[in-house]
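Below, each chain spelled out in residue letters.
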Amino acid sequence: WYQRRVREAVVSTQSTGSSGINAEYGDSLHLSSMNLALLQGSADIVANGLYFVTFNQDATSLAVGTSTGYKLFTLNGHDRFDQTYEFTGEDVCIVERLFSSSLIAMVSLSAPRKLKVCHFKKGTEICNYCYPNTILGVKLNRARLLVVLEEILYIHNIKDMKVLHTIRDTPPNPKGIIALSINSDNSYLAYPGSGQIGEVQVFDTLNLDAVTMIPAHDAPLAALSFNSSGSLLATASEKGTVIRIFSIPSGNKVYELRRGVKRCAAIYSLSFSPDDKYLSASSNTETIHIFRLDSSSPPENPRRWRRRWTRRWGSPS
């Protein structure tokens, strides 16, 4: 029954809509992928009613969780978001869409230990799971669904939502820092291996085996991101001055990118371009750094897009 419902959600075609996101939320877009741990410490965000913003796996759709529900938007062109769906009735603090399918995983602020998997076009709940502690993050690809607690990781088979593996007693991860490759053939998971240094544990969620440990940074981790094929992993620490890129599954370092020298920064997110030629990093310094990764240009010289971004969208901080 579950497999039939999931299959219906995944093969459903995209619905259409209108109503742009910019007019409604404006500068709030810079929040990007808020998790529950950050939300609980930010009274301003709660007061504004915007709890969560994230793209789907291939950046064709945007999900927005609010105090009254969630909305889905489709990216049309370079600067237009059209609303495709709206759900009301719960205070949604996490909402993740599986590519452009109708499958949604969501968590509400009023029930932070409960995960719901829904077919949003039919308005039906496929299943739900309860966990022993607050859910800090949810990640999906076409093979696996990952649920992040502060000291436990649950790996589900997305076909029937059965728990395949549980990684217990992980180092405390109150911010829910995690990365799951969107490539279901290279379905690697990366998570902090230490609370004191920037150690990364890489795990194969298909074969359910540990792959490697990467001593990425001296300071604790702040951000992790795989490229689209799952062959590269970008990491940043709480110091925020250096970003490193490692080959997966070997764990060998292939790039070291310097964001700054003297000024530390809180790295909010890392993202590869689809062709792996660029890596972007956003931070609390009101800048977005874009690094070129090909061999013809030194990766240490990022292109700074602050003026252009601010002119078009407002401050990205």
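Please refer to the structure higher up on the page.
Residues numbered from 1 in each chain as written. Predicted model: local features only at pLDDT ≥ 70, side-chain atom pairs only at ≥ 80, totals over all residues. Heavy atoms only, no water.

Q: So what exactly am I meant to see when it comes to the overall build of the protein here?
A: For the protein, the count of helices and strands is 5 helices and 24 strands. The buried share of the protein, reckoned over its 317 residues, is 50%. Residue pairs at least 24 apart in sequence account for 40% of intrachain contacts in the protein once pairs closer than 6 positions are excluded. Counting only carbon and sulfur atoms, one obtains 47% of the accessible surface of the protein, whose full area is about 14,600 Å². (Helix = DSSP H or I, 4+ residues; strand = E, 2+ residues; numbered from the N terminus. Buried < 20%, exposed > 50% of the residue type's maximum accessible area, 1.4 Å probe, protein only. Contact = heavy atoms within 4.5 Å. Areas by Shrake-Rupley, 256 points an atom, 1.4 Å probe, with all protein chains shown as cover.)

Q: Where do I start with the packing of aromatic side chains in this structure?
A: The geometry of an aromatic ring pair is captured by the separation of the ring centres together with the interplanar angle, meaning the angle of the planes. Evaluation of the coordinates by the stated rule reveals 6 aromatic pairs. Taken together, a centroid distance of 6.3 Å and an interplanar angle of 40 degrees make the contact between phenylalanine 55 and phenylalanine 81 tilted. With phenylalanine 55 in strand β1 (residues 50–55) and phenylalanine 81 in strand β4 (residues 80–88), this residue pair connects regions lying 26 residues apart in the sequence. An aromatic cluster is defined as three or more aromatic residues linked by ring pairs; in this entry it consists of Tyr70, Tyr85, Phe87 and Phe120. The ring of phenylalanine 99 carries arginine 142 above its face, with NZ or CZ at 3.6 Å from the centroid. (Phe/Tyr/Trp six-rings, centres within 6.5 Å; stacked < 30°, edge-to-face > 60°. Lys NZ or Arg CZ within 6 Å of the ring centre and 35° of its normal.)

Q: Looking at this structure, I do not really get the environment of phenylalanine 226. What am I missing?
A: Here phenylalanine 226 is to be found in strand β17 (residues 221–226). Residue phenylalanine 226 is classed as buried on the basis of its relative accessible area, which comes to 9%. Note: C-alpha distance between phenylalanine 226 and alanine 179 (47 residues apart in sequence) is 6.6 Å. With near-sequence residues (within four places) excluded, phenylalanine 226 lies in contact with Ala179, Leu180, Ser181, Tyr188, Leu189, Ala190, Leu232, Leu233, Ile248 and Phe272.

Q: In this structure, what is going on with the pattern of salt bridges? I would like to understand it.
A: It is possible for side chains of opposite charge to pair when their charged atoms get near one another. Under the defined criterion, the tally for this structure stands at 5 salt bridges. For arginine 244, the salt bridge goes to glutamate 256, with nearest N and O atoms at 3.0 Å. Taken together, the residues arginine 244 in strand β19 (residues 242–247) and glutamate 256 in strand β20 (residues 253–258) connect sequence positions 12 residues apart. For glutamate 256, the salt bridge identified is with lysine 253, shortest N-O distance 2.9 Å. What you see here is one network of salt bridges that share partners, running through Arg244, Lys253 and Glu256. (Salt bridge = Lys/Arg side-chain N within 4 Å of Asp/Glu carboxyl O.)

Q: I'm lost on the sheet that holds strand β3 (residues 69–76) in this one. Help?
A: Taken together, 4 strands build an open sheet; the order of strands is β1-β2-β3-β4 and the sheet is antiparallel. Looking at strand neighbours, the two that pair on one side only are β1 and β4, the edges of this open sheet. Taken over all neighbouring pairs, the strand axes of this sheet differ in orientation by 20 degrees on average, direction set aside. Bridge count for β1 against strand β2 (residues 61–66) is 5 bridges, and the pairing is antiparallel. In the strand pairing of β2, threonine 54 is matched with alanine 63. (Pairing = 2+ DSSP bridges. Axes fitted to C-alpha atoms, helices over the stretch in contact; angles between N-to-C directions.)

Q: Would you explain the nonpolar core in this entry?
A: Taken as a class, soluble globular proteins show a tendency for nonpolar side chains to be buried jointly. Grouped together as the largest cluster of nonpolar side chains are 34 residues, with contacts concentrated most on Tyr70, Leu115, Val117, Ile135, Val138, Leu145 and Val147. At 5 residues, strand β6 (residues 103–108) tops the list of elements feeding residues into this core. (Core = buried A, V, L, I, M, F, W, Y, C linked by side-chain atoms within 4.5 Å.)

Q: Explain the sheet that holds strand β14 (residues 188–192) here, please?
A: Each strand in a sheet pairs with its neighbour through backbone hydrogen bonds, running either in the same direction (parallel) or in the opposite one (antiparallel). Here 4 strands make up an open sheet; going across it, the order is β13-β14-β15-β16 and the pairing antiparallel. Of all the strands in the sheet, the pair left with one neighbour each is β13 (179–180) and β16 (209–217). Relative to strand β15 (residues 198–204), β14 runs antiparallel, the two being bridged by 5 bridges. Opposite leucine 189, over in β15, you have phenylalanine 203 as the bridge partner.

Q: Explain the pairing of β6 here, please?
A: A regular strand carries its side chains on alternate faces of the sheet. Taking burial as the measure, the 6 residues of β6 include 6 buried ones, the bulk of the element. Because side chains alternate across β6, one face comprises the buried residues Leu103, Ala105 and Val107, and the other comprises Ile104, Met106 and Ser108, equally buried. With 5 bridges connecting them, strand β5 (residues 92–97) and β6 associate as antiparallel partners. Each residue of the ladder has a partner; that of glutamate 96, found in β6, is alanine 105. Where β5 folds back onto β6 in an antiparallel hairpin, the turn is made up of 5 residues, including phenylalanine 99, whose phi is positive at roughly 50 degrees. Two elements, β6 and strand β7 (residues 111–119), share 5 bridges in a ladder whose sense is antiparallel. The residue of β7 that forms the bridge with alanine 105 is valine 117. In sequence, β6 turns back onto β7 through a hairpin of 2 residues.

By themselves, these observations are geometric and do not establish any function.
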